[in-house]
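Chain by chain, the residues run as shown.
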Amino acid sequence: MGTVSTVLSPPALRTGMALAGAGFRRWATYRQAMLAGAFTNTVFGFLRTSVMLAVAAGAGGVAAGYRGPQLATYVWVGQGLLAVVQLWGWTELSDRVRTGDVQSDLLRPVHPVLSYLAADLGRAAFALCSRFVLPMVVGLIAFDLYLPHRPATYPLFLLSMLFATVVSFGVRYLVNLTAFWLLDIRGVIMAWLLCSNALTGMYFPIAFLPGWAQAVLWYATPFPSILQAPVDVVVERGTAGHQATVLAVQGCWAAVMLAAAVVVQRRAERRLVVQGG
Amino acid sequence: MADRPTTAAAYRALLGAQLRAQTQYRFSFALDTAASALITLLDVVSVLVLFRVTPALAGFSFTDSLLIAGLANAAFQLCDMCVGNIDTMREYIRTGRFDAVLLRPLRVLPQLVFGDFSPRRIGRAAQALVVLVVALSLADVTWTPARTVLVVIAPLSGAVIFGAVFVAGSTTAFWFVESGEFANAFTYGGRDFTIYPVGIYPGWFRAVFAYSLGFAFVAYFPGLALLGRPDPLGTPGFLPWCSPLVAVLAATAAALVWRVGVRHYRSTGS
Amino acid sequence: MPLIETTGLRKEFTVRRKAGRFRRRRHAVAAVDGIDLAVERGEMLGYIGPNGAGKSTTLKMLTGVLSPSGGEARVCGLRPVAQRTRLARRIGVVFGQRSQLWWDLPLRESFRLLRYVYRVPSAEHAARLAECRRLLDLDEFLDTPVRQLSLGQRMRGEITAALLHGPEVLFLDEPTIGLDVVSKQAVRSFLADLGAAGDTTLVLTTHDLADIEKLCRRLVVIDHGRVVHDGSLAELHARYDSRRRVVVDLDAPWDGTPVPAGATVETVAADGFRVTFGLAGGTAGDLVAALAGTGSLRDVSVLEPDIEEVVARLYAEPA
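What you see is a predicted model, and the numbers here were worked out from it, not measured in a lab.

S.K.: Before we move on, could you go through the UniProt feature "transmembrane region" (unreviewed entry) in chain B and cite the residues and values that matter?
M.R.: Residue and element names in this part refer to chain B. Within the UniProt annotation, "transmembrane region" (unreviewed entry) is assigned to residues 29–51, 57–76, 125–143, 149–177, 198–218 and 238–258. Structurally, residues 125–143 is divided into 74% helix and 0% strand, and its ends, taken at the C-alpha atoms, are 24 Å apart. Along residues 149–177 one finds 90% helix and 0% strand; the C-alpha atoms at either end are 42 Å apart.

S.K.: Describe empty space enclosed by the protein, and please don't skip the residues or the numbers.
M.R.: If you walk through the whole model with that rule in mind, you get six cavities of 30 Å³ or more. Roughly 120 Å³ of volume is contained in the largest cavity. Around the largest cavity, the lining residues are Leu47(A), Arg48(A), Val51(A), Met52(A), Tyr203(A), Asp43(B), Ser46(B), Leu50(B), Asp192(B), Ile195(B), Tyr196(B) and Tyr201(B). Broken down by secondary-structure element, the contributors of at least two residues to the lining of the largest cavity are helix H3 (31–58) of chain A together with helix H2 (26–53) and helix H10 (184–195) of chain B. It is H3(A) that contributes the most residues to the lining of the largest cavity, four residues altogether. Looking at the second largest cavity, its volume works out to about 70 Å³. Residue lining of the second largest cavity: Asp99(B), Ala100(B), Leu103(B), Val93(C), Val94(C), Phe95(C), Arg98(C), Gln100(C) and Glu158(C), and that is the complete set. Within the residue set of the lining of the second largest cavity, elements represented by two or more residues are helix H5 (98–103) of chain B together with strand S5 (91–95) of chain C. Class assignment of the residues belonging to the lining of the second largest cavity gives a composition of five nonpolar, one polar and three charged.

S.K.: Which residues make up the interface of chain A and chain B, and what values do they have?
M.R.: In this complex, chain A contributes 40 residues to the contact, which on the side of chain B involves 45 residues. Looking only at chain A, the three residues that lose the most surface to chain B are Leu47(A), Met190(A) and Tyr203(A), adding up to 16% of its buried area. Summed over the shared surface of chain A and chain B, the number is two salt bridges. With a closest N to O distance of 3.3 Å, Glu181(B) and Arg131(A) form a salt bridge. Our count for the chain A to chain B interface comes out at 10 residue pairs in polar contact (both at pLDDT 80 or more). Elements with a minimum of two residues in the side of chain A that touches chain B: H3 and helix H10 (186–198) of chain A. Sorting elements by how many residues they give to the side of chain A that touches chain B places H3(A) first, with 17 residues. By residue class, the composition of the side of chain A that touches chain B is 29 nonpolar, seven polar and four charged.

About the cut-offs
- Residues numbered from 1 in each chain as written.
- Chains lettered and ligands numbered in written order.
- Predicted model: local features only at pLDDT ≥ 70, side-chain atom pairs only at ≥ 80, totals over all residues.
- Heavy atoms only, no water.
- UniProt positions renumbered as here; feature names shortened; annotations may be inferred.
- Helix = DSSP H or I, 4+ residues; strand = E, 2+ residues; numbered from the N terminus.
- 1 Å grid on protein atoms, 1.4 Å probe; cavity = no way out; pocket = protein on both sides within 12 Å on 5 of 7 lines; lining within 4 Å.
- Points joined across faces, edges and corners; volume = space filled by probe spheres on them.
- Nonpolar A, V, L, I, M, F, W, Y, C, P; charged D, E, K, R; others polar.
- Contact = heavy atoms within 4.5 Å.
- Buried area = accessible area lost by both parts, 1.4 Å probe.
- Salt bridge = Lys/Arg side-chain N within 4 Å of Asp/Glu carboxyl O.
- Polar contact = N/O pair within 3.5 Å; in protein donor to acceptor, adjacent residues only side chain to side chain.

Structure follows, in structure tokens:
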């Protein structure tokens, strides 16, 4: 099956757009679940903002370089992003591996990584319009949030969210692919749950950690690129140059994760052929 | 009929089956156990991380906060060990597997608890108790007989309060099949809420979570009583001793909601 | 007292329908709309009807899964929802699409567990299991995890699982759906024997007409939540005027010989050499005897009524 060049050919991109549209519409039908999720994100927004503002107050206004409103924005953008990058709960591919339905994915003339990525981007677009917006509105009304001062930050933030979604997709795809070898991926999912909670910036800003730990996480793991990166872009942490560095790191990780997904996919398919399905 | 199995044997058999099913996949099982052990520590670790950048939270020092977090964590993990997997009920309802649960001659709640039990939950609860002991030894507690009783009762009442929220929360799926994460706002949200002194939360939010839902009685009030501190928010001094009462009330309410909910079940699909 | 008895059994669901762009209105839809049913011990009852007629909903109310919105149901003298766990010990249920087996464990393990769940004495359990193993050929896949079983194998496992506690009633929701021909026949003849033995009352829903002919001595047809027919297959044929046909080839064009009572002329071929008679009553023998008198009878064939046609006609009719 395909190489990176066939994945990115123009007809493949058109197919991708169609698949993304389908992904968007599919998720748009789950209105109840969307509202329930947005409600939960909002409650967690209140919880975490309260903690972060208490931290900022205790630290005399500035904690690890973040001011109170920046920390509040960190929390609300983070809650909104959870659904956009869909940190948790995607087991569609591994379920299909377990049931054997995955074979029909391989019969389609589209590379599976591309078709799942396209569907995921469609899903993310819907989440951006719904589950990102709803808690953000509540956060804006209830708290003094930091809004970007530099106009360029807005498009950069969108780009950063795109990268974040792709990196998150890559990790989730790889997690799901392990089903080809393990069948039961509960353990892998639990390990991912641990990393996604502790290392993406979900539980606390990465900057609260010691310097060496920050460096290791940012450059040697994809995790901060999924959540902390878009947040740091939108709260304009550091200079414009710092923003660019964050985006560059994210872009690299997006490319690495996609390439890894394609490579592992190929090996998984070979395994499927050997096993006879 | 001497060899007719007892109900207890039925639950034991369910538990055994679940263990065998899980340990079939050895690597997955080991990874699951290790990762979940670390996740349990995350709440306490995040308290450590936050205190790297601040010396105090709403007037509570690191050791005081750690004690509250330890109590909250112990209560939550005890609850999670017993009824935490009632979470899976909404999956059961969504996929229609709940039918099979209803078709067996066993009660629903214990079936879900034993049928999906994972031994790592025992490990997690034990781990939480160790953390609590460490927090107690670091904190400045003047031990009295009353406080000794409290330190045993508090995690138990807290666990019952959490359990009530879990059970009541899971019933939303009876009414709204796609209710998804709604209940998480109160179960896992409740856990996050209880870790920190309630003084950090804005007024109405605190009123709902701390007093209406009773989460202040899980760790905050018992923590104050153990530390011998008056509530900086000025609540009456007897409240910290009311946790068991609140737990009984919560459990009763949850049982009622559950009964109504099961009657409302509409089995989906064919 | 009947083993299963319902009076005015109803189940309503509220559904939200789109009304305008964002608004949705709630509608109460009666999936089961007043069903009266009495089933005696040892009956083999086919509960049939088109998709969405309320078959599964009825079965779920009888087994205690769903609470009725109205009316009464008694199964084995128990109220299904209120006395759910007691009832569960006395009935067996096979829902074609929902497994009651443990997905990750070998079939044998599931059976062992069910002994505990249903509190069956080990001798009884062993005897029933041995019987099912023999009749349903379970031995070759008894140690295979359920997730690896074929559909036919799994269904044989499901039926065994439902019988291990010796239920008085066995409810089956589309037990042969999706099975291959061989498995279908295995399941069908097993159930036929089970019903013939008379200890177990069978209630099954099915779309498979061969199931109906082989397994259902009594048919209850429902549509839009109401019973539209309750009786034997023969009565169904009679009621819907589905008659046996006698096709006769003659040596000469038909001369209009008077036919005996109960027979009617349905079609006469263009050349008049072939005539099809419908038989609403009487026997084919009477008809043939009458025709033989004319001396031009060459060939006779009798066509059995076609249940498929009857059911199709039944479903097409408005309730």
